[in-house]
Amino acid sequence: MRQHIVLVGCFLAPTAAAVFTDCRCKRTIVRDVAVVGGGASGAHAAVWLRDNGQSVVVVEKAAQLGGHTAYYHDAVSGKDINVGVQGWIEYKDSLDFPKRMNVSSSRSMSFTPNVAQYIDTKTGKPVPNYKAPATADMNAAMQRYLDVLEQYENMVLPGFFNFPEPENIPEDLLMPFVDFVEKYNLSAAVPQVWDSTAMGLGDTMNMPTLWVMQASGVPMVRAMLGQAASVVPASGRLYDLFESVASFLGGDVLYSSTVLSATRPESSNNPRQGVSLHVRGTDGQVTCIEAKRLVIAIEPTPENMAPFNLDTTESSVLGKFRFPTVYAGILRHPSLQTLTAYTARTTDPASYNYTSFPVAPQLGRIEYLGDTKDLFHFWAVGTTSDTTASMQARIQQSIDAMIASGVLLPPPDGGSGGSGVEFELFANHGHMHAYVSADELRAGFVQKLNALQGRRHTWYTGGAFSAGFSTVLWEFNKVLLPSVVEGL
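Each value, and the rule that gives it
Residues numbered from 1 in each chain as written. Predicted model: local features only at pLDDT ≥ 70, side-chain atom pairs only at ≥ 80, totals over all residues. Heavy atoms only, no water. 1 Å grid on protein atoms, 1.4 Å probe; cavity = no way out; pocket = protein on both sides within 12 Å on 5 of 7 lines; lining within 4 Å. Points joined across faces, edges and corners; volume = space filled by probe spheres on them. Helix = DSSP H or I, 4+ residues; strand = E, 2+ residues; numbered from the N terminus. Disulfide = S-S within 2.5 Å. Buried < 20%, exposed > 50% of the residue type's maximum accessible area, 1.4 Å probe, protein only. Axes fitted to C-alpha atoms, helices over the stretch in contact; angles between N-to-C directions. Parallel < 35°, antiparallel > 145°, perpendicular 65-115°, else oblique. Left-handed = near helix turned anticlockwise from the far one by under 90°. Contact = heavy atoms within 4.5 Å. Nonpolar A, V, L, I, M, F, W, Y, C, P; charged D, E, K, R; others polar. Polar contact = N/O pair within 3.5 Å; in protein donor to acceptor, adjacent residues only side chain to side chain. Pairing = 2+ DSSP bridges.

Hey, could you run me through empty space enclosed by the protein in this one?
Over the atoms rolls a probe the size of a water molecule, and its path tells where empty space is left. Taken as a whole and judged by the stated rule, the model has one cavity of 30 Å³ or more. Along the walls of the largest cavity sit Leu149, Glu153, Val156, Leu157, Met213, Gln214, Gly217 and Val218, which together make up its complete lining. Elements represented by at least two residues in the lining of the largest cavity include exactly α4 (135–156) and α8 (209–215). Ranked by residue count, the leading element in the lining of the largest cavity is α4, at three residues.

What follows is the structure, given as structure tokens:
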């Protein structure tokens, strides 16, 4: 293990372009492994690496660890409300991680008994005569879905380590999800699948089924059927875990910091040649990181990967990914009714057969938060062109439209509606649910993606390489990380 800090001078050149080449770092940090990203996968990776005898530094753009795990404290009720990640879904031995960090996973998730109103959230009008599937029908269809999922579990979870060669990919994984649903008579299960997590795909029914399996697959469906636990800490606050991780890692996390540039070896043939990062903090000062290995634990979007000087092989693979954008948070509005969930549907005839659902950009759901006076959770999905501002405006427009249609009463003060929306917490999760087309899968995309692991002393973790659930990511890391430390 090597771990030391060298303080040196740093001169920031007068132009932004020159900063990348002329900056002499204020300090240099030397570690065995540098981890970029401190969300669920990056935080776990850092702990695993430390536990396995390696020195680590984490570069995190936010002011805290946890990524999509956030919470809101309601001063009125005294309740801490999870935002984004709602619970940990049991998967293999993944719940050993909270235990390792002295955080319990002893409490089951609880749900408010809201009454659903099915709304076309783009027009604000109710979807007439829409009825949810009967519970018995939904459970039977969900079990059929699980039976098929389990046939392919080893191919896709906790990552694509055992994914078949292109000529052997099962057609079930490639066909649009709507066709998969019809093939296995799963329509009664789809509303629950869509409402829980799969709406985040943006156009769920037309996605290759593989990506729906990643967004709402074996762990989630087992939990829905009561065959696996969905848990939170005893406090109910998921963020307890990341506070514990932050305490454990201490000064080995650079918060509010971004990678400006990276120098990586052209090949991995020379094990002595490492990785260099230039990292800037909020104070504008630059830290140099010298590491033997690099773990990237952020979504591999073009913007995120720009500082890493991708070669043509890397860019040709990672550049194939497409991403919806996902938003979650807490709001209040005087017209929203407690014990109600305003759930998005369409008036398309296929909506009544549970084979047609809204597509992005859209507000997916506004749901009352039990034991609070007037707080509501929301989930929304955008396209790559959407922003926090555009999605906040869309949510406001949806509430205005529900007032205009009579679904909601006007605010008591007679306001227009949108002006009455208060976003107590608005979490822009950005690009999530990475996917490629079925044609790209047939052309060997997964094999090319796997081949990037370890290339140029760089490894990748996170939802694009696994599935977007904390517990699955932790299991993915347990398979991936031994190759990172091999030979160190």
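Explain the state of the cysteines to me, please; I cannot follow it from the model alone.
Between two cysteines, a covalent bond joining their sulfur atoms is known as a disulfide. Under the counting rule described, the total for this entry stands at one disulfide. Each sulfur of the disulfide joining Cys25 and Cys288 lies 1.9 Å from the other. Residues Cys25 and Cys288 share a disulfide whose torsion about the S-S bond is about 45°; that sign makes it right-handed. On the criterion of sequence distance, the pair formed by Cys25 in the loop between α1 (16–22) and β2 (27–36) and Cys288 in strand β14 (residues 286–296) is long-range, its members being 263 residues apart. Summarising the burial analysis for this pair, Cys25 and Cys288 share the class buried.

In this structure, what is going on with the packing of helix α2 (residues 40–51) against helix α10 (residues 240–249)? I would like to understand it.
It is at 11 Å that the axes of α2 and α10 come closest, and there the two elements cross at 40°. By the angle class used here, α2 and α10 are oblique. Note on packing geometry: the crossing formed by α2 with α10 is left-handed. Between α2 and α10, the residues in contact are Ala40, Ala43, Ala46, Val47, Arg50 and Asp51 and Phe242, Val245, Phe248 and Leu249, respectively. Here the contact of α2 with α10 is composed, by residue class, of eight nonpolar, no polar and two charged.

In this structure, what is going on with the side chain of Thr372? I would like to understand it.
Residue position: Thr372 is located in the loop between β17 (362–368) and β18 (376–382). Within the structure, the side chain of Thr372 is placed 2.7 Å from the backbone oxygen of Leu369, a separation counted as a polar contact. When near neighbours in sequence (up to four residues on either side) are disregarded, Thr372 contacts Asp74, Ser77, Lys79 and Ile81.

Help me understand the sheet that holds strand β6 (residues 88–89) in this model?
As a general point, the strands of a sheet are linked pairwise by backbone hydrogen bonds and lie either parallel or antiparallel. One open sheet accounts for three strands, arranged β6-β10-β7; its pairing is antiparallel. Two strands bound the open sheet, and with one partner strand each, they are β6 and β7 (107–108).

What should I look at first to understand the layout of surface pockets in this one?
Taken as a whole, the second largest pocket spans an internal volume of roughly 160 Å³. Forming the walls of the second largest pocket are His44, Val47, Trp48, Asp51, Asp93, Ser94, Asp96, Phe97, Arg100, Trp474, Glu475 and Lys478. Those elements that provide at least two residues to the lining of the second largest pocket are α2, α3 (96–100) and α16 (470–485). By residue number, the principal contributor to the lining of the second largest pocket is α2, which donates four residues.

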